[in-house]
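Report on the structure
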Amino acid sequence: MGVEIRVEGLTKSFGRQTIWQDVSLTLPAGEISVLLGPSGTGKSVFLKSLVGLLKPDRGHIWVGDRDLPYLPEAQLYDTRKLFGVLFQDGALFGSMNLYDNIAFPLREHTKKPESEVRRIVMEKMEMVGLLGAERKLPGEISGGMKKRAGLARALVLDPEILLVDEPDSGLDPVRTAYLNQLIVDLNSQINATFLIVTHDINTARTVPDNIGLLFRRELVMFGPREMLLSSEEPVVRQFLNARRVGPIGMSEEKDVSELEAEAKMGHDPGKLPPIPPQLMPSDGRVRPAQHAPGSWCAAHGVVPPAGSFIDDLGRNWVEEWPRYVAAMGPVAGAGAVPGGHAPGGHVPGAPGPGGYQQGGGVPGAGAAP
Ligand SMILES: Nc1ncnc2c1ncn2[C@@H]1O[C@H](COP(=O)(O)OP(=O)(O)OP(=O)(O)O)[C@@H](O)[C@H]1O
């Protein structure tokens, strides 16, 4: 099971430029969280701070009982081993083939014999669908394959926490969809705590259990996916619906005259679109940390936008869920469902197997981008 990360009052600046201040959030153990924000709001700086590559000015990052920014070097080194990180470009060594790239952390940080290194590398390459590409150099493969190789490398030390910076950057929508499926499948298998930085609204709407949004040096909101997708907060609403109308302008913040002009033109933010079903693991099982569709809305008396939780086949997953869970059961090794929500989530457009047979595959599952 992944570990919880508790961020309290975190502030980071470079010289006189404050990147963000007083950021507090909890990444629940084993859940997938997504961090959004306009360009330059410091999402990558946040990831680097979490893993201890950048030191915040103030605040705490609790990983278990360890407060990461204040750890002595040796303990920080140890704690970092809990993290797997996929940087934007995959950060592969151009002169090494994929096998050696993926083996690198094992050779660098462990004393495992080569036979064991081989077993682990091949296992992770299989998990990300790269078997057979061991001898390829990074320059010989597509962007999607580079991301998957970077993911395999991030997995070799069996991380408790996986940080992924813009998995969709440079990928077409179809490859992004495959990579999203891979991320959900990996979460279901390794049950680590995931944080994904993305600009892809479809990813943000369908993949995570939780969403956070940075804007104007603040964390505007962080919470369950349903909370943000049903939020009327103007910045959240504008960003998650990719609209021009709202407080976010071309260079981050609209000025008063722009907002007045918008109001005069009679622009309004429009209705909230339906909350889509959440992406399910491709084997159709329920992830251990998954929340029941509609559970946050129900618990907080929020009426979700009309048409929410309905998949491409017209099935309403709030109604289907109890039957689905009874038929499919949670993934092996699943513990109690954390966070006080009932288990939940589901498949957009690629729902679980008809009749919900356990272990049955979802159409298109497991194909490589
Ligand atoms: N090491 C550094 N030294 C000084 N400034 C930095 C450093 N790293 C990042 N910054 C600044 O911090 C700000 C936030 O950068 P960051 O890359 O985290 O933004 P982002 O939200 O990830 O952007 P994007 O969505 O475009 O990737 C930028 O103004 C950047 O120039």
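One structure accompanies this document, and this report is about it. This structure is a prediction, so every number in the text was calculated from the model and none was measured.

Here is what the cut-offs are and how they apply
Residues numbered from 1 in each chain as written. Predicted model: local features only at pLDDT ≥ 70, side-chain atom pairs only at ≥ 80, totals over all residues. Heavy atoms only, no water. Helix = DSSP H or I, 4+ residues; strand = E, 2+ residues; numbered from the N terminus. Expected span 1.5 Å × (residues − 1). Contact = heavy atoms within 4.5 Å. Polar contact = N/O pair within 3.5 Å; in protein donor to acceptor, adjacent residues only side chain to side chain. Phe/Tyr/Trp six-rings, centres within 6.5 Å; stacked < 30°, edge-to-face > 60°. Buried < 20%, exposed > 50% of the residue type's maximum accessible area, 1.4 Å probe, protein only. Salt bridge = Lys/Arg side-chain N within 4 Å of Asp/Glu carboxyl O. Near = heavy atom within 4 Å. Areas by Shrake-Rupley, 256 points an atom, 1.4 Å probe, with all protein chains shown as cover. Nonpolar A, V, L, I, M, F, W, Y, C, P; charged D, E, K, R; others polar. 1 Å grid on protein atoms, 1.4 Å probe; cavity = no way out; pocket = protein on both sides within 12 Å on 5 of 7 lines; lining within 4 Å. Points joined across faces, edges and corners; volume = space filled by probe spheres on them.

**Focus on helix α6 (residues 173-190)**
- In this model α6 runs 25 Å from its N-terminal to its C-terminal C-alpha over 18 residues, within 8% of the 26 Å that 1.5 Å per residue would give.
- Residues of α6 that are buried in the fold lie against β3 (32-36), α4 (114-127), α5 (143-155), β8 (193-197) and α7 (201-206).
- Residue D172 occupies the N-cap position of α6, its side-chain oxygen lying 2.9 Å from the main-chain nitrogen of V174.
- A positive backbone phi angle near 60 degrees is found at N191, which sits one or two residues after α6.

**Re the packing of aromatic side chains**
- Applying the stated criterion across every chain, the model contains five aromatic pairs.
- Aromatic pair W20 and F46: ring centres 5.6 Å apart, planes at 75 degrees, arrangement edge-to-face. Taken together, the residues span a long stretch of sequence, with W20 in strand β2 (residues 17-27) and F46 in helix α1 (residues 43-50) at a distance of 26 residues.
- Note on W317 and Y324: the rings are 5.0 Å apart at their centroids and 80 degrees apart in plane angle, and the pair reads as edge-to-face. For the pair W317 and Y324, a shared accessibility class is recorded, and that class is buried.
- Aromatic ring contacts, followed pair by pair, group W317, W321 and Y324 into a single cluster.

**Quick word on the pattern of salt bridges**
- Tallying each qualifying case throughout the model produces 14 salt bridges.
- Of the charged contacts in the structure, one is a salt bridge between R6 and E4, with a shortest N-O distance of 3.8 Å.
- Of the residues examined, E4 reaches a relative accessible area of 39% and is grouped as partly exposed.
- Here R323 ties to E320 by a salt bridge, and the two come within 3.4 Å at their closest N and O atoms. With R323 and E320 both in helix α12 (residues 317-328) and three residues apart, this pair spans about one turn of that helix.
- On the basis of relative accessible area, E320 is assigned to the buried category, the value being 14%.
- Where salt bridges share partners, they join E116, R119, E123, K124 and D158 into one cluster.

**Looking at the site of the ligand**
- Taken together, 14 residues surround the ligand, and among them G40, G42, K43, V45 and H199 come closest.
- Taking S44, its side chain carries an N or O atom lying 3.0 Å from an oxygen atom of the ligand.
- Here E166 contributes a side-chain N or O atom positioned 3.2 Å from an oxygen atom of the ligand.
- Summarising the interface, the protein chains cover 60% of the accessible area of the ligand, which totals 640 Å² for the free molecule.
- Secondary structure elements with two or more residues in the shell around the ligand: β2 and α1.
- Here the element with the most residues in the shell around the ligand is α1; it accounts for three residues.
- Looking at the shell around the ligand, its residues break down into four nonpolar, eight polar and two charged.

**Details of the layout of surface pockets**
- Of the voids in this model, the largest pocket is the one considered here, and its volume is about 580 Å³.
- Lining of the largest pocket is provided by 20 residues; of these, F83, V85, P105, H109 and L157 occupy positions nearest its centre.
- Elements represented by at least two residues in the lining of the largest pocket include exactly α2 (73-80), β6 (83-86), α3 (98-109) and α5.
- It is α3 that provides the largest number of residues to the lining of the largest pocket, a total of four residues.
- The class makeup of the residues in the lining of the largest pocket is 13 nonpolar, three polar and four charged.

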